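# Understanding the architecture of this molecule
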Amino acid sequence: MPANPVTLADIRSADWSLALGAIGEVVQGIADVEQCLGIIVTTPRGSDPLRPTFGANIWRYIDFPISLALPAIVSELTSAITMWEPRAKLVSVTAQPVFDGSSQSGAHLDMTLNWQLNLGAAPATVQTTTVTVPGAAV
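These remarks concern the structure in this document. (Residues numbered from 1 in each chain as written. Predicted model: local features only at pLDDT ≥ 70, side-chain atom pairs only at ≥ 80, totals over all residues. Heavy atoms only, no water.)

Ranked by size, the top nonpolar core spans 24 residues in total, and within it Leu37, Val41, Ile58, Ile73, Leu77, Met111 and Leu113 carry the most contacts. Of all the secondary structure elements, the ones that give two or more residues to this core are α1 (30-42), α2 (66-84), β3 (88-97), β4 (109-117) and β5 (127-133). Top element by residues in this core is α2. It accounts for seven residues. Once residues within four sequence positions are removed from consideration, valine 41 is found in contact with Ala56, Ile58, Trp59, Leu77, Ile81, Met111, Leu113, Val131 and Val133. (Core = buried A, V, L, I, M, F, W, Y, C linked by side-chain atoms within 4.5 Å. Buried < 20%, exposed > 50% of the residue type's maximum accessible area, 1.4 Å probe, protein only. Helix = DSSP H or I, 4+ residues; strand = E, 2+ residues; numbered from the N terminus. Contact = heavy atoms within 4.5 Å.)

Structure (structure tokens):
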């Protein structure tokens, strides 16, 4: 049990969820949307038995040439995020291999999502969320 567990009185936003990897903590507001975007990007479609269409099927492009895989992955992510995160309006999505000089260089992908809160007619600030997908070699 954490030393200072979060209670319902501590939650100040209508948009909140439990924080990943932090027992007894929550994320709220924009941090909640960012966490949900990360979950969508890293969840293989079909891996959630209660929501079989949840997630993005980026791993099916693992053996494609890089010039074909990256645009297909961007398209896949755009479709998944549009379907599963109505609070976010995508501005742009990019995918790039991570070249870090290690023995696994190029085996991971950085997905950069530029998005705005979907507030209707009012323009919102563009947020940037980068999610690294390990082992998604293309």
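The rest of the description comes next.
What follows is about the packing of aromatic side chains. Within this structure, the stated rule accounts for two aromatic pairs. Both rings, one in phenylalanine 54 and one in tryptophan 84, keep their centres 5.1 Å apart while their planes meet at 75°; by these two values the pair is edge-to-face. One end of the pair, phenylalanine 54, is in the loop between α1 and α2; the other, tryptophan 84, is in helix α2, with 30 residues separating them in the sequence. Residue classification places phenylalanine 54 among the buried residues on the basis of a relative accessible area of 6%. A relative accessible area of 25% places tryptophan 84 in the partly exposed class. The cationic tip of arginine 51 hangs over the ring face of phenylalanine 54; the distance from NZ or CZ to the ring centre is 3.9 Å. A cation over a ring is seen here: arginine 51 above tryptophan 84, with NZ or CZ 5.8 Å from the ring centre. (Phe/Tyr/Trp six-rings, centres within 6.5 Å; stacked < 30°, edge-to-face > 60°. Lys NZ or Arg CZ within 6 Å of the ring centre and 35° of its normal.)

Next up on the list: the pairing of β5. Side chains of β5 alternate between two faces, with Gln127, Thr129, Val131 and Val133 buried and Thr128, Thr130 and Thr132 left unburied. For β4 and β5, the ladder comprises seven bridges, and the chain directions are antiparallel. Residue pairing across strands places leucine 109 opposite valine 133, the latter belonging to β5. (Pairing = 2+ DSSP bridges.)

Attention now moves to the side chain of glutamine 35. Positionally, glutamine 35 belongs in helix α1. For glutamine 35, a relative accessible area of 14% translates into the label buried. Separated by 3.2 Å, the side chain of glutamine 35 and the backbone nitrogen of leucine 20 make a polar contact. Not counting residues up to four positions away in its chain, the partners in contact with glutamine 35 are Ser17, Leu18, Ala19, Leu20 and Val27. (Polar contact = N/O pair within 3.5 Å; in protein donor to acceptor, adjacent residues only side chain to side chain.)

Taking 1.5 Å per residue, 19 residues should reach 27 Å; α2 reaches 26 Å between its end C-alpha atoms and fits that length. Residues of α2 that are buried: Ala69, Leu70, Ala72, Ile73, Glu76, Leu77, Ala80 and Ile81. For α2, the elements touching its buried residues are α1, β3 and β4. (Expected span 1.5 Å × (residues − 1).)

With that out of the way, let us pick up the pattern of salt bridges. Using the criterion set out here, one finds six salt bridges in the structure. In this structure, aspartate 48 and arginine 51 form a salt bridge, with 3.0 Å as the shortest nitrogen-oxygen distance. You can call arginine 51 partly exposed: its relative accessible area is 37%. Taken together, the shared-partner salt bridges connect Asp15, Asp32, Glu85 and Arg87 into one network. (Salt bridge = Lys/Arg side-chain N within 4 Å of Asp/Glu carboxyl O.)

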